[in-house]
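Single-letter residue listing:
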Amino acid sequence: MNNFASSLNIKNKFLILGCGFTGKFFAKTIRQFGCTVLTSSRSKNKDPNSFVFNSENNTVPSREIFDGVTHILSCIPPGRNGNDPVLASFKSHLKSLSLEWVGYLSTTGVYGNTKGDWVSEINQPKPFQKRSHKRLKCEKEWIESGLPVQIFRLPGIYGPGRSTFDAIRNQTVRVISKKDQVFSRIHVADIAHAIIYLLQNKNSLKFHQIINIADDEPCSQIEVIQYCYNIMGLKMPKPISFEDAKKELSPIAQSFWMENRRVSNKLLCETLGYQLIYKNYKQGLENCFLDSYKISNFL
Ligand SMILES: NC(=O)c1ccc[n+]([C@@H]2O[C@H](COP(=O)([O-])OP(=O)(O)OC[C@H]3O[C@@H](n4cnc5c(N)ncnc54)[C@H](OP(=O)(O)O)[C@@H]3O)[C@@H](O)[C@H]2O)c1
């Protein structure tokens, strides 16, 4: 990572709200910079730096948890009622703090269906799914909160422990073909490192409130699946057409196939100068494969 004339330092205290797949990766990475990190999850766990926050049953931590916090990253999706769980529980308290930065993980679903065209931050969101309408509403709530918020729109997130290799091993993979359908994706390490890059260079880069984090090469799902089968030395099952497969897909799984877009990362990678670690699914999946190999060898 270049430019260490950084606005990040060991005095920074991060609160990661919603420490799931991405939150955990971010926490691990930012700790390597010497920052203090507290994380939330919906149920109690053994991590001494974790606390419980669950907006659905009103389990809210005491306000002291925010003492000394300089940075917040929210990885929590909209609540069932469509409101943002963090703002619904803490907005006025957050506004009373001297926060340097708030990050909000959103989704590129807010762009809706572009029928395979490229879409960037300057395009007007046109959400198609109900959940994407909720998401856009949450984005607006964050922007209107007046907090120093930066929104990251993410496509399909994968990484070690959550990739097509895992789907093949768990026998949950579905080999579906749909003409001209592509998906954008991003390796979890690039989400963490892109955000850290922006924080490190906060004082020298022009501030953009909404930024896509996606890799360079949107492509069909089947291309990715075929690549994984090849690496594993296995034969990919015969593809099923989307029309045939959809009868057996859950409504949520079906909904992902109803949108087709290529998400541009030009703002992040050209204008702002972030260099992707994994430019495409091949590089990213290689990392996932090596990681799982490391784990199985270790066990
Ligand atoms: N997965 C994708 O491919 C994808 C793509 C685009 C955007 N996104 C969005 O990006 C963000 C991070 O994604 P992810 O896949 O890393 O998410 P994830 O693994 O599902 O983690 C979500 C976190 O939010 C917490 N959470 C959920 N509902 C909550 C509530 N009502 N109150 C308090 N905490 C709550 C969960 O708690 P527990 O730890 O207790 O489960 C978990 O820690 C999410 O907003 C997600 O919707 C995801």
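Our structure's up above, just so we're on the same page.
Residues numbered from 1 in each chain as written. Predicted model: local features only at pLDDT ≥ 70, side-chain atom pairs only at ≥ 80, totals over all residues. Heavy atoms only, no water.

A. Structural view of the overall build of the protein chain. Along the backbone of the protein chain there are 10 helices and 13 strands. For the protein chain, the C-alpha radius of gyration of 20 Å lies close to 19 Å, the compact-globule estimate for 299 residues. With the C-alpha coordinates of the protein chain rotated into their principal frame, the extents come out at 55 × 45 × 40 Å. Looking at the protein chain as a whole, 52% of its 299 residues qualify as buried. (Helix = DSSP H or I, 4+ residues; strand = E, 2+ residues; numbered from the N terminus. Rg over C-alpha atoms; globule rule 2.2 N^0.38 Å. Buried < 20%, exposed > 50% of the residue type's maximum accessible area, 1.4 Å probe, protein only.)

B. Expanded view of the packing of helix α1 (residues 21-31) against helix α5 (residues 188-200). Two numbers describe how α1 lies on α5: the axes approach to 9 Å, and their chain directions differ by 50 degrees. Here α1 is positioned oblique relative to α5, judged by the angle of their axes. Between α1 and α5 lies a crossing whose hand is right-handed. Across the interface between the two elements, F21, T22, F25, F26, T29 and I30 of α1 pack against V188, A189, I191, A192, H193, I195 and I196 of α5. Of the residues contributing to the contact of α1 with α5, the split by class is 10 nonpolar, 3 polar and no charged. (Axes fitted to C-alpha atoms, helices over the stretch in contact; angles between N-to-C directions. Parallel < 35°, antiparallel > 145°, perpendicular 65-115°, else oblique. Left-handed = near helix turned anticlockwise from the far one by under 90°. Contact = heavy atoms within 4.5 Å. Nonpolar A, V, L, I, M, F, W, Y, C, P; charged D, E, K, R; others polar.)

C. Structural context of helix α6 (residues 221-232). Here α6 spans 17 Å end to end across 12 residues, near enough to the 16 Å set by a 1.5 Å rise per residue. Buried within α6 we find V224, I225, Y227, C228 and Y229. Trailing α6 by a residue or two, G233 shows a phi angle of about 70 degrees, which is positive. (Expected span 1.5 Å × (residues − 1).)

D. Geometry of the pattern of salt bridges. Enumeration over the complete set of coordinates arrives at 8 salt bridges. With a closest N to O distance of 3.3 Å, K246 and E243 form a salt bridge. Given the relative accessible area of 29%, K246 is considered partly exposed. Residue K247 is joined to D244 by a salt bridge in which the shortest nitrogen-to-oxygen separation is 3.7 Å. (Salt bridge = Lys/Arg side-chain N within 4 Å of Asp/Glu carboxyl O.)

E. Looking closely at unusual backbone geometry. One non-glycine residue with positive phi stands out, namely N58, at about 60 degrees. Assignment of secondary structure puts N58 in the loop between β3 (50-52) and β4 (71-74). Owing to a relative accessible area of 64%, N58 belongs among the exposed residues under this scheme. Positive phi is not limited to glycine here, since K115 has a value of about 55 degrees. Along the chain, K115 falls in the loop between β5 (101-107) and β6 (118-119).

F. Region of the structure containing the packing of aromatic side chains. Evaluation of the coordinates by the stated rule reveals 10 aromatic pairs. Seen from their ring centres, F165 and F289 are 5.1 Å apart, and the 45 degrees between their planes marks the pair as tilted. One end of the pair, F165, is in helix α4 (residues 164-169); the other, F289, is in helix α10 (residues 281-298), and 124 residues separate them in sequence. Judged by relative accessible area, which is 25%, F289 ranks as partly exposed. Each residue in the set F53, F66 and F90 is aromatic and connected to the rest through ring pairs, giving one cluster. (Phe/Tyr/Trp six-rings, centres within 6.5 Å; stacked < 30°, edge-to-face > 60°.)

G. The sheet that holds β3, seen in detail. Across the sheet, 7 strands lie side by side as β3-β2-β1-β4-β5-β7-β11; this open sheet has parallel pairing. Looking at the sheet topology across the chains shown, the edges are occupied by β3 and β11 (210-212). Neighbour-to-neighbour, the strand axes of this sheet turn through a mean angle of 20 degrees, independent of strand direction. Sheet topology places strand β1 (residues 13-17) next to strand β2 (residues 36-41); 4 bridges connect them, and they run parallel. (Pairing = 2+ DSSP bridges.)

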